[in-house]
Amino acid sequence: MIDRRGFGRVLGLTTGAATVSLTGLPGLPGAQPAAAAAAPRDEAAGMHTGFPRLKRIRAGLLDVGYAELGPAHGPAVICLHGWPYDIHSYVDVAPLLAEQGHRVIVPYLRGHGTTRFLSARTFRNAQQSAIALDVIALMDALKIERAVLAGFDWGSRTADIVAALWPERCTALVSVSGYLVTDREAQRSPIAPQAEHNWWYQYYFATERGRRAMEDPDLRHDLTRFVWDTVSPTWDFDDATFERTAAAFGNPDYAAIVVHNYRWRLGLADGERRYDGLEQRLAGRPTIGVPTLTLDPDRDPFTAPGGGAAYRDRFTGPYEHRTLPGVGHNVPQEAPTAFAQAVVDAGRL
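Let us look at the structure shown here.

## Things to note about empty space enclosed by the protein
Next, step 1: As enumerated under the stated definition, the model contains two cavities of 30 Å³ or more in all.
Next, step 2: Forming the walls of the largest cavity are Leu 62, Val 64, Pro 107, Tyr 108, Leu 109, Arg 110, Ile 131, Asp 134, Val 135 and Leu 138.
Next, step 3: When contributions to the lining of the largest cavity are tallied by element, the ones reaching two or more residues are strand S2 (62-69) and helix H3 (128-141).
Next, step 4: Among the elements that take part in the lining of the largest cavity, H3 stands out by supplying four residues, more than any other.

## Some remarks on the side chain of Glu 334
Next, step 1: Along the chain, the position of Glu 334 falls in helix H12 (residues 331-334).
Next, step 2: Despite its burial, Glu 334 pairs with no opposite charge; the closest candidate is Arg 299, at 8.8 Å N-O.
Next, step 3: Here Gly 328 takes part through its backbone nitrogen, which lies 2.8 Å from a polar atom of the side chain of Glu 334.
Next, step 4: In this view, Glu 334 contacts Ala 45, Ser 232, Thr 234, Trp 235, Val 327, Gly 328 and His 329; residues no more than four positions away in its chain are not counted.

## Thoughts on the layout of surface pockets
Next, step 1: In this model, the largest pocket occupies a volume close to 1,200 Å³.
Next, step 2: Tyr 179, Leu 180, Gln 187, Trp 199 and Phe 302 are the residues nearest the centre of the largest pocket, which is lined by 36 residues in total.
Next, step 3: Those elements giving two or more residues to the lining of the largest pocket turn out to be helix H4 (154-165), helix H5 (193-198) and helix H6 (200-204).
Next, step 4: No other element matches H5, which puts four residues into the lining of the largest pocket.

## So, the nonpolar core
A general tendency of soluble globular proteins is for nonpolar side chains to be buried together.
Next, step 1: Core analysis: the biggest nonpolar cluster contains 100 residues, and Trp 83, Leu 173, Met 214, Leu 295 and Phe 339 have the highest contact counts within it.
Next, step 2: Ignoring any residue separated from it by four or fewer positions in sequence, one finds Met 214 in contact with Trp 83, Phe 205, Arg 220, Leu 223, Tyr 254, Ala 255, Val 258 and Val 259.

## Looking at the packing of aromatic side chains
Next, step 1: All told, the structure shown has 25 aromatic pairs when counted by the stated rule.
Next, step 2: Seen from their ring centres, Trp 200 and Tyr 204 are 6.2 Å apart, and the 40° between their planes marks the pair as tilted. Of this pair, Trp 200 and Tyr 204 both sit in helix H6, four residues apart, roughly one helical turn.
Next, step 3: Given a relative accessible area of 29%, Trp 200 falls into the partly exposed group.
Next, step 4: Between Phe 315 and Tyr 319, the ring centres sit 5.4 Å apart and the planes meet at 20°, which makes this aromatic pair stacked.
Next, step 5: Of the residues examined, Tyr 319 reaches a relative accessible area of 18% and is grouped as buried.
Next, step 6: These aromatic residues form a ring-pair network of at least three members: Trp 83, Trp 154, Trp 199, Trp 200, Tyr 201, Tyr 204, Phe 205, Phe 226, Tyr 262 and Phe 302.
Next, step 7: Between Arg 225 and the ring centre of Phe 242, over which it is positioned, the NZ or CZ distance is 5.5 Å.

The rules behind each value
Residues numbered from 1 in each chain as written. Predicted model: local features only at pLDDT ≥ 70, side-chain atom pairs only at ≥ 80, totals over all residues. Heavy atoms only, no water. 1 Å grid on protein atoms, 1.4 Å probe; cavity = no way out; pocket = protein on both sides within 12 Å on 5 of 7 lines; lining within 4 Å. Points joined across faces, edges and corners; volume = space filled by probe spheres on them. Helix = DSSP H or I, 4+ residues; strand = E, 2+ residues; numbered from the N terminus. Buried < 20%, exposed > 50% of the residue type's maximum accessible area, 1.4 Å probe, protein only. Lys, Arg positive; Asp, Glu negative; His and termini not counted. Salt bridge = Lys/Arg side-chain N within 4 Å of Asp/Glu carboxyl O. Polar contact = N/O pair within 3.5 Å; in protein donor to acceptor, adjacent residues only side chain to side chain. Contact = heavy atoms within 4.5 Å. Core = buried A, V, L, I, M, F, W, Y, C linked by side-chain atoms within 4.5 Å. Phe/Tyr/Trp six-rings, centres within 6.5 Å; stacked < 30°, edge-to-face > 60°. Lys NZ or Arg CZ within 6 Å of the ring centre and 35° of its normal.

Everything listed here is a matter of coordinates, which is why it stays silent on function.
What follows is the structure, encoded as structure tokens:
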């Protein structure tokens, strides 16, 4: 585990500093612009290969597997991963935050890693409101009243929903790619061909062929590795890094959850009626009033142009936006210092 002195060195701080500053990190807010769109060297990236130990707790419909670092009574931060990723996206972020006194919770989402459904009869549902309720149930089980919610990909969407529908549970929000609440009606309309191309796997999973690929361990392995390579073109990760995460894809519900998530978004699969009320509220694109810091990785093919302008109106409270040069889709693992910094700063907005 990185010590407090190490965290201060990575962030350009002196030990014991009361606040965290990005000053001195090229290409990030508060510093001089970088000469080229290349990620600044992050001393924290790749420092850790795993968490000290994993825990499990019954929460709602699930037995949730999760990592926990930091003091038990520290201000809580819940870090939410995306697809095709797992809790190792935060393997370097979590120690940085823990050393700053935060209680850091990193759960496996439903269908991933050691998280399991409590009942074989439960529909393997991956619609957005169901996953968000998993987070509320986990907070209740852990007796966490409020937390900073931080995520990317599925994790951003989930954190956005909790912040929008249950703001009293959210101290602050860090959301990679901004406002990602799914608008199923808008999903019916075609978009620019290049953008459609980037979403190829979403349409692949809409087919029987794609479902079978996700159920085949070898094809699933190669497909998810290909996604890593294409959405993080500047991230120089090794095989071992991918394999540590790929182990989480062996969850018996993984294929069902992934396929349902993408089919549901496109209106090709039904959700459950018990979530209809929440989905109706989300269809109205509710604004988010909690303090929010959004991050756009500029080498992520899904990052929209405009420096966050496309979603700025969805955030009505204290707000800051940052663009991360040279960083791809898996922001917390590619740029753990910048992500940890965003969590600290969001809590101070």
